[in-house]
Number of protein chains: 2
Amino acid sequence: MPEANRRIVLAARPTGMVDEATVRLETDPRPEPAPGEALVRVNHLSIDPTIRTWMNDSPGYLPPIGIGDVIRSGGIGEVVETKSDRYRLGDLVFGMTGWQEYAIADEADRSMQPIPEGLDPPTALNLFGINGMTAYFGLLDVGALQEKDTVVVSGAAGATGSTVGQIAKLKGASKVVGIAGGPEKCAYVVDELGFDGAVDYRAPSLGARLHEQCPAGIDVYFDNVGGTILNTALAQLAMRGRIVLCGAIAAYNATEPVPGPGNYVNLIRRRGRMEGFIILDYASRFPQAQREIFAWLLEGKLKHAEHIVEGLEHAPEALNLLFTGGNTGKVVVKL
Amino acid sequence: MPEANRRIVLAARPTGMVDEATVRLETDPRPEPAPGEALVRVNHLSIDPTIRTWMNDSPGYLPPIGIGDVIRSGGIGEVVETKSDRYRLGDLVFGMTGWQEYAIADEADRSMQPIPEGLDPPTALNLFGINGMTAYFGLLDVGALQEKDTVVVSGAAGATGSTVGQIAKLKGASKVVGIAGGPEKCAYVVDELGFDGAVDYRAPSLGARLHEQCPAGIDVYFDNVGGTILNTALAQLAMRGRIVLCGAIAAYNATEPVPGPGNYVNLIRRRGRMEGFIILDYASRFPQAQREIFAWLLEGKLKHAEHIVEGLEHAPEALNLLFTGGNTGKVVVKL
């Protein structure tokens, strides 16, 4: 086993997209597990938009990543040395590994959890990790999906959006429309994922095309992007419609304030609701969601796609993919 | 009884504030009640911001007022001629009278209701009409007020806002802060209405002063105005805070789109909710609210103020007062 631990640390707070000034690849000594701990060799990293928000020096639901600290990130690794009864050699565990080759699993804080047998790590990071959980609880709990609802989801070809739309269909939505960038992603959403329709936000007249697809208005809009797409959806909210605020990709790299959604006024006349959530609040209910998702997976009812980027050193570019729309499905870095 | 009915009709759709081109005073023949109807001599009009929205040619929760039609408005009048068992001579009835001297009460549609004995019309228009009902259900139902909450309300010296703050105190809020325009209104809100604090939105650094008053954040923000005040409150939302969208005075007279609240992103990290409502949806529950409000009134626990403008012909200026902030309390036109 190598004595070194390559890790990517925050060198400077980014303005806009992450670039070579933002991060630095360091080589540190491999950490030693203490009693009650295990050494985990990281093999896959979960690349999520929220990582970009942690790089800013502004208070969020977690503290900012410190300058010089390893980039905070979910990941999966294999237990390669153990001083804990909880972790056996060869176990695959999921947790906040960070962007590095080796991490420590500590039985005391239970922050690293074994993943179910038979699941490959990219699928686990996608459906059983943040994206799958976010899709499930955001749609069903925050969005309070009802049978026969018309559901619209942005970032529909992304990891969260693609699962939101499929769960909506599985739970009885009458119509599911995805918003995605470009004709290929739109075709993917309809042909592969089984959405009823898709709208390309890069083409003109988004509002008119969305209205064509949802003439009776939108009951649940699951928002992964914010910005003008959120504003357009607000204008077409059905009576008592719900907007699930999951993310605001349009704002994460912005160097100037992104205009707010002026059509929020529509929430008044449509008696609508716009609600945000942080998926970590639902942690105690993850097992319930994971059981249902696992069953759908075994029955072949849930499609998923992972976009694999090879090499720890490419993690920053992998993160940028989320903002340029260069991915279809869950972005995972394979070490 | 005069044979004429003076009425104010919509002459042209306004751009910005209502002016002399917007409305026209007409003299029509007094209407004749048919069997099942009564003739009502209007004595007070309820002047509400929503009237301004009905003048626009855009779909709302009610259709726009037609060009040449009487201005739609709540009001109270006395039954002066009756062909209905439901309405007795001398009864005071509340309903959508419109800006005119005479209106028809029709027993079939029950749109005109007797007001409780012993209530003078301005008080009834304020506390038992749209403002009182909006304050009650907006705060308790949409805002889901909890004991110990910190509550902030804008338009705090206005009819709805002043009642919101007082009901919040009566229902156990630990702190109630009003936002109002100018030192006099701020003093009124604290000294007369018993709010715990007030912030003048016309003075600089609204955000910092609001934070001083609510260092632990805002649990319920009752928004009567929209615009930058809403955006400032969003930035200071407490965990699981609720924003009640009641109105958007800042936008009603705007001739260009009002910027949306960019801080809506805070709803995500604070797990917040922003919800709109239309008080007419609660009509079946008005009696419940009116009983509780009547009890508070009898016990001297609910202060109220009416700003009386004399003369039907001054109704347009009375409406504009709501947007210039020239009123303290409920604006009522006395005929």
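All figures in this text were calculated on a predicted structure; none of them were measured in a lab. (Residues numbered from 1 in each chain as written. Chains lettered and ligands numbered in written order. Predicted model: local features only at pLDDT ≥ 70, side-chain atom pairs only at ≥ 80, totals over all residues.)

### Brief notes about the domain arrangement of chain A
Residues and elements named next belong to chain A. Taken domain by domain, chain A consists of domain 1 (4–115 + 305–334) and domain 2 (131–280). Each partner contributes to the interface: domain 1 provides 14 residues, whereas domain 2 provides 14 residues. Of all the secondary structure elements, the ones that give two or more residues to the side of domain 1 that touches domain 2 are α1 (49–54) and α11 (315–324). Ranked by the residues each element gives to the side of domain 1 that touches domain 2, the list is headed by α1, at three residues. Residue composition of the side of domain 1 that touches domain 2, by class: five nonpolar, seven polar and two charged. (Domains from an automatic or database assignment. Contact = placed C-beta atoms within 7 Å. Helix = DSSP H or I, 4+ residues; strand = E, 2+ residues; numbered from the N terminus. Nonpolar A, V, L, I, M, F, W, Y, C, P; charged D, E, K, R; others polar.)

### Quick notes on the relation of the copies chain B and chain A
With an RMSD of 0.1 Å, the fit of chain B onto chain A corresponds to turning through 180 degrees and sliding 0.0 Å along the axis. In symmetry terms, the pair is related by a two-fold rotation axis. Minimal C-alpha distance to the rotation axis in chain B is attained by B:Gly260, lying at 1.9 Å. (Least-squares fit on C-alpha atoms with pLDDT ≥ 70 in both.)

### Remarks on the interface of chain B and chain A
Taken together, the 27 residues of chain B in the interface contact 28 residues of chain A. Those elements that provide at least two residues to the side of chain B that touches chain A are α9 (266–269) and β13 (273–276) of chain B. The element contributing the most residues to the side of chain B that touches chain A is β13(B), with four residues. Of the residues contributing to the side of chain B that touches chain A, the split by class is 15 nonpolar, seven polar and five charged.

### Some details on unusual backbone geometry
Positive phi is not limited to glycine here, since A:Ala144 has a value of about 45 degrees. Residue placement: A:Ala144 occurs in the loop between α3 (130–142) and β8 (150–154). One non-glycine residue with positive phi stands out, namely B:Arg240, at about 60 degrees. Its place among the elements puts B:Arg240 in strand β12 (residues 237–245). Residue B:Arg240 is classed as partly exposed on the basis of its C-beta count, with 17 C-beta atoms lying within 10 Å. (Buried ≥ 20, exposed ≤ 12 C-beta atoms within 10 Å, placed from the backbone.)

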